[in-house]
Amino acid sequence: MNPPVFKNRILSALDPTTIARLQLRPLKLPAGHEVENPGKPIEHLIFIEDGIGSMTTTFHDGFQVEVGMFGVESVMGASALVGTMQSLNKVYMQMSGYGYSCRMPFASAEFDRFELFHDLILRYLQTLLLQACQSAGCNAHHQITQRLSRWLLLCADRSESPILALTHEYLADMLGSNRSTVSVAAESLQNEGVIRYSRGKVSILDRPALEVRSCECYSVIRDHLNHYAETLPA
C-alpha cells in the first residue's frame, strides 16, 4: 500500500515511520471551525491540507485582531509542545478545507524524540512568531489600504486562488478595524480596478497593482515563508 501524499509541508517532510507514530486522523475543517479558545487546553495538533486558519487576539468586549495565519505550511496547536498549558489565543478556520489531527500525547512523544519532527516544529514556531510581530507593527503603523492589501495577498498565496470568500465584517475583525473603514478601503481598491467585491467574495483582478498598494510587511512575511518552505527536507 502506497503511503499518503501530503500537501502539508511539515507532514510531507516526515518519513513513514514518524507519520505512523503520530497516528493522524483525517479531519474536515469548515469555515468557522474552532481549533483553540483562550484559557482552554490544546488537545490536538491540526495540519492543514487545504483551507486557511487564523489566530486572533480576542478581548473581553469581543474585539479581535489577527496575529497569525495558517495554511499548508502550518501546524496549529504547536505552542502546546513548548509548554503552553492553555491557549492564549482564538484559532479557527477562516476558509474551509480539510487536514489531519494528531492527539497531543502522540505529538508530545514524537517531539521528545528530538528528531526531525522536533526541529520542524521549532522552525515553524519561529515563523509564526515573525508573523505575529510583523502584524502587530503593521496594524500600528500602516494605513488601512496597505494593511488590507497585505492581508489579501497573504490569503491568496495560501489559497492559491485570486478569489476569496470574505465579508467586510470578517476583514474588519482580521485587521483590527471597523467595518466602515474597511469598506472605504475596499471600495478604493475596487474603483482602481485592483479588486472586485460582491456578496461576500473578493476577487483579485490586478495582483501586481495590489502588491504596489501593500506595505513592506507583505514581502517580509512572504519571503520568510518562502525561505522556510525552501529549506524543508524534500
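Source: prediction; values computed, not measured.

A. Local environment of the overall build of the protein chain. A count of helices and strands for the protein chain gives 9 helices and 8 strands. Its C-alpha atoms give the protein chain a radius of gyration of 18 Å, near enough to 17 Å, the size a compact globule of 234 residues would have. A principal-axis box enclosing the C-alpha atoms of the protein chain has dimensions of 55 × 40 × 30 Å. Residues classed as buried in the protein chain amount to 47% of the 234 residues present.

B. Just unusual backbone geometry, in detail. Notably, Gln23 is not glycine yet its phi reads approximately 50°, a positive angle. In this structure, Gln23 sits in the loop between α2 (16-22) and β1 (25-29). For Gln23, a relative accessible area of 44% puts it in the partly exposed group. If you check the backbone angles, Glu160 has positive phi at about 55° while not being a glycine. Here Glu160 shows up in the loop between α5 (144-159) and β6 (163-165). Taking relative accessible area as the criterion, Glu160 reaches 67% and is therefore assigned exposed.

C. Spatial organisation of the pattern of salt bridges. One pass over the full model with this rule turns up 11 salt bridges. In this structure, Glu34 engages Lys90 in a salt bridge whose closest nitrogen and oxygen atoms are separated by 3.9 Å. Here the residue Glu34 occupies a position in strand β2 (residues 34-36), and Lys90 occupies one in strand β5 (residues 90-103), the gap between them amounting to 56 residues. Looking at Lys90, the relative accessible area reads 21%, which means it is partly exposed. Salt bridges sharing partners connect three or more residues here, namely Arg21, Glu110, Arg113 and Glu115.

D. Spatial organisation of the sheet that holds β6. Strand order in the open sheet formed by 3 strands is β6-β8-β7, with antiparallel pairing between adjacent strands. The outermost strands of the open sheet, each flanked by one partner alone, are β6 and β7 (195-198). Across the sheet, the mean angle from the axis of one strand to that of its neighbour is 15°, orientation sign disregarded. With 3 bridges joining them, β6 and strand β8 (residues 201-204) adopt antiparallel strand pairing. Each residue of the ladder has a partner; that of Ile163, found in β8, is Ser203.

E. The arrangement of helix α7 (residues 179-191) in detail. With 13 residues, α7 should reach 18 Å at 1.5 Å per residue; the first-to-last C-alpha distance of 18 Å fits that figure. Looking at α7, one finds that the buried residues are Val182, Ala185, Ala186 and Leu189. Down the axis of α7, the buried set is contained in an arc of 95°. They therefore lie on one face. Of the residues in α7, the exposed ones pointing more than 90 degrees away from the buried face are Ser180, Val184 and Asn191. Gly193 sits one or two positions beyond α7 and adopts a positive phi of about 80°.

Conventions adopted
Residues numbered from 1 in each chain as written. Predicted model: local features only at pLDDT ≥ 70, side-chain atom pairs only at ≥ 80, totals over all residues. Heavy atoms only, no water. Helix = DSSP H or I, 4+ residues; strand = E, 2+ residues; numbered from the N terminus. Rg over C-alpha atoms; globule rule 2.2 N^0.38 Å. Buried < 20%, exposed > 50% of the residue type's maximum accessible area, 1.4 Å probe, protein only. Salt bridge = Lys/Arg side-chain N within 4 Å of Asp/Glu carboxyl O. Pairing = 2+ DSSP bridges. Axes fitted to C-alpha atoms, helices over the stretch in contact; angles between N-to-C directions. Expected span 1.5 Å × (residues − 1). Arc of directions from axis to C-beta.

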